Amino acid sequence: MAAYLFVWNPKNWSWTWLDQAVDQLSATGRYSEKWSCASHKSIRVGDRAFLLRLGSEPKGIMGSGLIATRPFLSPHWDGSGRRVERVVIDFDALLHPDKGPLLDIKVLNQGSLAVQTWTPQSSGISIRQSILPELEAKWFEFLASNGEGQNYFEGIGESGNGFFEGAQTRAESSRYERNPHARRACLEHYGLSCVICGFNFERHYGELGS
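Residues numbered from 1 in each chain as written. Predicted model: local features only at pLDDT ≥ 70, side-chain atom pairs only at ≥ 80, totals over all residues. Heavy atoms only, no water.

### Observations regarding the overall build of the protein
Part 1 of the argument: When its secondary structure is counted, the protein shows 6 helices and 10 strands.
Part 2 of the argument: Burial statistics for the protein: of 210 residues in total, 40% are counted as buried. (Helix = DSSP H or I, 4+ residues; strand = E, 2+ residues; numbered from the N terminus. Buried < 20%, exposed > 50% of the residue type's maximum accessible area, 1.4 Å probe, protein only.)

Laid out in C-alpha cells, this is it:
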C-alpha cells in the first residue's frame, strides 16, 4: 500500500465545517472530504492518506484515512475558475487543532522520519515507503495516548479498517513487516484463542503458548 501526505494551511483556506466533520466521524465512524492531490498520476483507490496541518501553530498530523476515488478535476478553492486534481479521502481519524494536540511536526522531523519532507509546497505528495511502518506506529501511539481515534481502533479484525501493515521486503520470498502495536492490541482484544477455530495456545502449550 502506498501512502500520501495531504496538507491543510488555515492561512490559505478556512475549514469552517471542521467541527461538524470531527463530530460526524465520532458519531458515524467515517467522514469523507475531497482534497487536492499533486500525485494524481500515481495515487490509487485504497492508498493510505495522512493530513498535515501547516501555516500556523499547532503544526502536525491531524488525520488519516484511505483514498476513496480516482483523481478528478474540481474547481480550485480560490475562486479563480481554474480546476485542480483532487481525490476523496475517507477519514478514519480526524483531530481538531483547537481542541487537542496534533502529532507534532517536531516529532516527525526526528530520527528516520526526518528523511521525509514535512513542509511540502503541494498537497498529496508521496510518503517514502521506508518510513511508513514507523509513521503508522507513531500515529497509533499518539492516538492511543491521547484517547483519540476510536474509529481507527474499532476496525481490528475487519477488512479495510484498523491497522496498517508495513512495506513489502524481499528475502528468499516476499514477506510483510508486521505492526507490533497492532499485534499487541489484537491480543488484548481477542485474547490468545484463534478467532477462526477457537484453538487456545496458552491452554495447550502453557507459558510457551502465551
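That shown, we press on.
### Details of the nonpolar core
Part 1 of the argument: Formed by 42 residues in total, the largest nonpolar core has its most connected members in Phe6 and Leu94.
Part 2 of the argument: Listed by contribution, the elements that provide at least two residues to this core are strand E1 (3-8), helix H1 (18-28), strand E2 (31-36), strand E3 (48-53), strand E4 (60-67), strand E6 (83-94), helix H2 (105-108) and helix H3 (132-145).
Part 3 of the argument: Of all the elements, E1 adds the most residues to this core, at 6 residues. (Core = buried A, V, L, I, M, F, W, Y, C linked by side-chain atoms within 4.5 Å.)

### Overview of H1
Part 1 of the argument: By the burial criterion, the buried members of H1 are Leu18, Ala21 and Leu25. Taken end-on, H1 shows its buried residues confined to a sector of 55°, consistent with a single buried face. Turned more than 90 degrees away from the buried face of H1, the exposed residues are Gln20, Ser26, Ala27 and Thr28.
Part 2 of the argument: Positioned one or two residues after H1, Gly29 has a phi angle of 95°, which is positive. (Arc of directions from axis to C-beta.)

### Looking at the side chain of Ser123
Part 1 of the argument: Relative to the helices and strands, Ser123 resides in the loop between H2 and strand E8 (125-126).
Part 2 of the argument: Accessibility expressed as a relative area gives 10% for Ser123, which makes it buried.
Part 3 of the argument: Looking at Ser123, its side chain comes within polar contact range of the main-chain nitrogen of Val7, at 3.0 Å.
Part 4 of the argument: Among residues more than four places away in sequence, those in contact with Ser123 are Leu5, Phe6, Val7, Trp35, Ser36, Cys37 and Ala38. (Polar contact = N/O pair within 3.5 Å; in protein donor to acceptor, adjacent residues only side chain to side chain. Contact = heavy atoms within 4.5 Å.)

### Observations regarding H3
An α-helix turns once per 3.6 residues; consequently, residues spaced three or four apart project the same way.
Part 1 of the argument: Taking 1.5 Å of rise per residue, 14 residues should cover 20 Å, and H3 covers 20 Å from first to last C-alpha, within 8% of that figure.
Part 2 of the argument: Within H3, burial applies to Leu132, Leu135, Glu136, Ala137, Trp139, Phe140, Phe142 and Leu143.
Part 3 of the argument: Looking one or two places after H3, you find Gly147, whose phi comes out positive at around 65°. (Expected span 1.5 Å × (residues − 1).)

### Overview of the side chain of Arg48
Part 1 of the argument: Residue placement: Arg48 occurs in strand E3.
Part 2 of the argument: In this structure the side chain of Arg48 is engaged in a polar contact, spanning 3.1 Å, whose partner is the side chain of Asp92.
Part 3 of the argument: Within polar-contact distance, the side chain of Arg48 engages the side chain of Glu136 at 2.6 Å.

### Considering the pairing of E2
Part 1 of the argument: Burial along E2 is one-sided: the residues Tyr31, Glu33 and Trp35 are buried and none of Ser32, Lys34 and Ser36 is.
Part 2 of the argument: One ladder, built from 6 bridges, connects E2 with E6; its direction is antiparallel. The residue of E6 that forms the bridge with Lys34 is Val88. (Pairing = 2+ DSSP bridges.)

### Describing the layout of surface pockets
Part 1 of the argument: Within this model, the largest pocket holds a volume of roughly 480 Å³.
Part 2 of the argument: Around the largest pocket, the lining is made up of 19 residues, and of these Val7, Trp35, Ser36, Trp77 and Ser123 lie nearest the centre.
Part 3 of the argument: Elements with a contribution of two residues or more to the lining of the largest pocket: E1, E2 and E6.
Part 4 of the argument: Across the lining of the largest pocket, the residue classes break down as 9 nonpolar, 7 polar and 3 charged. (1 Å grid on protein atoms, 1.4 Å probe; cavity = no way out; pocket = protein on both sides within 12 Å on 5 of 7 lines; lining within 4 Å. Points joined across faces, edges and corners; volume = space filled by probe spheres on them. Nonpolar A, V, L, I, M, F, W, Y, C, P; charged D, E, K, R; others polar.)

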